[in-house]
Amino acid sequence: MKKPYIKLLGLTIVLIAAGLIVASLKSGRKFKFETSAEDLHRELVDSRFHMDPNTAREIIAKKNGDYVFIDIRNPGEYDNFHIEGAINVPAQRILDDAYIPYLKNNKKKVLYSNESIKADQVRVLLTQYGYHDLYVLQGGANYWKENMLSGDVFKTKAEYDDEKLTFDPEKLKKAN
Amino acid sequence: MKIRFVLSIVLVCLGLVAAILPQRQNSSMELDAKQLLNEIQLENYMISVDEMANALINNDPEYQLIDVRSEEAFKAYSLPGALNIPFEKLFDEAWAPYIDQVARKNVFYSNGTTLASEVWMLTRQKGFKNNYILRGGLNNWYATVLDPKEPVATDGEEAFFDYRARLGMKQFFTGEGTPASTSNVKAKKPVPRRKKKMVAGGCS
C-alpha cells in the first residue's frame with residue numbers, strides 16, 4: 001500500500017517541476033533577444049547596414065525583387081506618402097505575429113521612417129530579436145520627398161549621412 | 001531502495017525549480033524585445049542640446065558626456081568634460097564601470113544621432129541604466145549653441161527668447177561677442193519658459 005502512494009507523490013512532484021520549467025522557459029522566451037549585444041556590436045563594427053537613397057532608387061527603378069521596402073511609420077503617414085512599392089508595418093506593432101512573414105524571409109528588407117533614427121533603432125531591435133537581412137534607408141521619407149522624386153535615377157548623386165560632420169572643427173579652434 | 005530513488009528524483013526536481021525561479025526574478029532587470037520596442041517609442045532617453053548646454057554651464061555633476069566616435073575625431077573636436085569611448089571599444093572590460101553604473105546620467109554623442117543611438121540600443125539590451133542620447137549630436141550642437149540663427153519676425157516670442165539664451169551659451173562656449181551687443185532683437189517681454197520636464201529614468 002505504501003509504495004504506490006510514494007510513487008504517485010514522486011510522479012506528481014516531477015510533473016509539477018517539469019510544468020514549472022516549461023512555463024518559465026515559455027514565458028521568458030516569447031520576446032527574448034536571440035542575438036547577444038556583444039555579437040551585434042561586432043556585426044555593427046564591420047558594417048552599419050545603411051542604404052543610401054541613390055542605391056535605393058536604383059533598386060526601385062530596376063524593380064529588383066530581392067528587396068522589399070518597409071515603411072515603419074503609422075498608417076496615416078503611409079497613406080499620405082510612401083515610397084513606391086513599400087509596405088506598411090507600423091513600428092509599435094512590428095513584433096506582432098501577423099508581421100512575422102514580412103520580416104522572416106530571404107528578401108533584403110529596407111526599413112525607413114521619417115528620418116533615419118527610428119528606422120535604425122528598429123533595425124537594431126529586430127536584429128537583436130534574431131531577424132536578418134535588414135537595412136536602413138538613409139534620410140528616410142523626408143529626404144526622399146525632397147530630393148528623390150525628381151532628377152535622373154541613374155545619374156544624380158544623392159548622398160545622405162547623418163554622421164557626417166557639418167562644420168570644420170579647425171576653424172572653430174582658430175576662432176578661440 | 002525505491003523510496004530513496006523517488007526521494008532523490010524529488011530532490012533533483014526541487015533543485016531544478018529552485019534554480020529556475022530566482023532566475024526569472026532577476027530577468028526583470030533585463031529587457032526583452034517588446035519592452036525595448038516600447039522604450040524606443042517614449043523617446044525620454046533623448047537629451048536636447050539646450051539642456052546639455054545648461055548642464056555644462058551650471059557645472060552639473062550629474063551629467064557625463066561620452067563621445068562614441070573615433071579617437072581622431074575626438075581629438076579634433078569634443079565637448080567639454082567628455083570621455084571618449086570609441087564605438088569599437090564599447091564592450092571592452094575597461095569601460096564597463098562607465099557604461100554600467102547608477103551614479104550619473106551618461107549622455108552618448110556622435111556627429112549625428114545614429115551612432116550614439118546604436119550605442120544606446122546595445123547598452124539597453126544589456127539592461128544598463130542611466131544612458132541617454134544627445135539629440136542631433138555635434139552637428140545640432142554647432143547649429144544650435146555655437147552658431148544660432150536669428151529667428152525671423154514670424155517665429156514668435158519664444159523663438160526670440162531661445163535665441164537670446166543661445167547667444168549666452170555661445171558666448172560661454174566660444175568666448176565670442178556679448179549677447180547684448182550682437183543681438184538687435186527686440187523681444188518685448190520674454191514669455192516664461194515652459195518648465196522643462198525632468199528626464200525620466202531609462203528603465204522603470
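Each remark here, short or long, concerns the structure printed above.
In short, a report on the structure. Keep in mind that this is a model prediction, so the values were computed, not measured.

**So, the overall build of chain B**
Looking only at helices and strands, one finds nine helices and five strands in chain B. Each helix and strand of chain B, placed in order from N terminus to C terminus, yields the pattern α-α-β-α-β-α-β-α-β-α-β-α-α-α. The 204 residues of chain B split such that 44% are buried. At a minimum sequence separation of 6, the contacts of chain B that also span at least 24 residues come to 64%. For chain B, the accessible surface area stands at approximately 11,100 Å², while carbon and sulfur atoms represent 56% of it.

**Remarks on the interface of chain A and chain B**
Taken together, the contact between chain A and chain B spans 47 residues of the former and 48 residues of the latter. Buried surface at the junction of chain A and chain B, summed over both partners, amounts to about 4,400 Å²; 67% is from carbon and sulfur atoms. When the buried surface of chain A facing chain B is broken down by residue, His41(A), Gln121(A) and Glu163(A) rank first, second and third, together holding 14% of it. Taken together, the connections running from chain A to chain B amount to four salt bridges. The salt bridge involving Lys126(B) is made with Glu38(A); its shortest N-O contact spans 2.3 Å. Where chain A touches chain B, the interface holds 18 residue pairs in polar contact (both at pLDDT 80 or more). Residue assignment for the side of chain A that touches chain B shows that the elements contributing at least two residues are helix H1 (2-29), helix H2 (37-46), helix H6 (117-128) and helix H8 (169-175) of chain A. In terms of residues, the side of chain A that touches chain B owes the most to one element, H1(A), which gives ten residues. Per-class residue counts for the side of chain A that touches chain B are 24 nonpolar, twelve polar and eleven charged.

**Regarding the pattern of salt bridges**
Where charged atoms of side chains with opposite charge meet at close range, the side chains can pair. All names here are of chain B. Tallying each qualifying case throughout the model produces 14 salt bridges over all chains. Glu39 is the partner of Arg124 in a salt bridge, and the nearest nitrogen-oxygen pair spans 2.7 Å. Of this pair, Arg124 sits in helix H6 (residues 114-125) while Glu39 sits in helix H2 (residues 33-42); the two residues are 85 residues apart in sequence, bridging distant segments of the chain. On the basis of relative accessibility, which here comes to 2%, the residue Arg124 falls in the buried class. Between Lys149 and Asp147 there is a salt bridge; the shortest N-O distance is 3.0 Å. We classify Lys149 as exposed; its relative accessible area is 59%. Accessibility expressed as a relative area gives 25% for Asp147, which makes it partly exposed.

**Describing the nonpolar core**
Ile72(A), Ile94(A), Leu95(A), Leu111(A), Leu125(A), Leu126(A) and Phe108(B) are the most contacted members of the largest nonpolar core, which has 48 residues in total. Residue assignment for this core shows that the elements contributing at least two residues are H2, H6 and strand S5 (134-137) of chain A together with H2 and H6 of chain B. Ignoring any residue separated from it by four or fewer positions in sequence, one finds Leu126(A) in contact with Ile94(A), Leu95(A), Leu103(A), Leu111(A), Tyr131(A) and Leu134(A). Membership of the second largest hydrophobic core comes to 23 residues, among which are Tyr77(B), Ala82(B), Val107(B) and Leu138(B).

**Some points on the sheet that holds strand S1 (residues 46-47) of chain B**
Ordered by their spatial adjacency, five strands build an open sheet running S1-S5-S4-S2-S3 (chain B), and the pairing between neighbours is parallel. Each edge of the open sheet carries a strand with a single partner, namely S1 and strand S3 (83-84) of chain B.

Rules behind the numbers
Residues numbered from 1 in each chain as written. Chains lettered and ligands numbered in written order. Predicted model: local features only at pLDDT ≥ 70, side-chain atom pairs only at ≥ 80, totals over all residues. Heavy atoms only, no water. Helix = DSSP H or I, 4+ residues; strand = E, 2+ residues; numbered from the N terminus. Buried < 20%, exposed > 50% of the residue type's maximum accessible area, 1.4 Å probe, protein only. Contact = heavy atoms within 4.5 Å. Areas by Shrake-Rupley, 256 points an atom, 1.4 Å probe, with all protein chains shown as cover. Buried area = accessible area lost by both parts, 1.4 Å probe. Salt bridge = Lys/Arg side-chain N within 4 Å of Asp/Glu carboxyl O. Polar contact = N/O pair within 3.5 Å; in protein donor to acceptor, adjacent residues only side chain to side chain. Nonpolar A, V, L, I, M, F, W, Y, C, P; charged D, E, K, R; others polar. Core = buried A, V, L, I, M, F, W, Y, C linked by side-chain atoms within 4.5 Å. Pairing = 2+ DSSP bridges.

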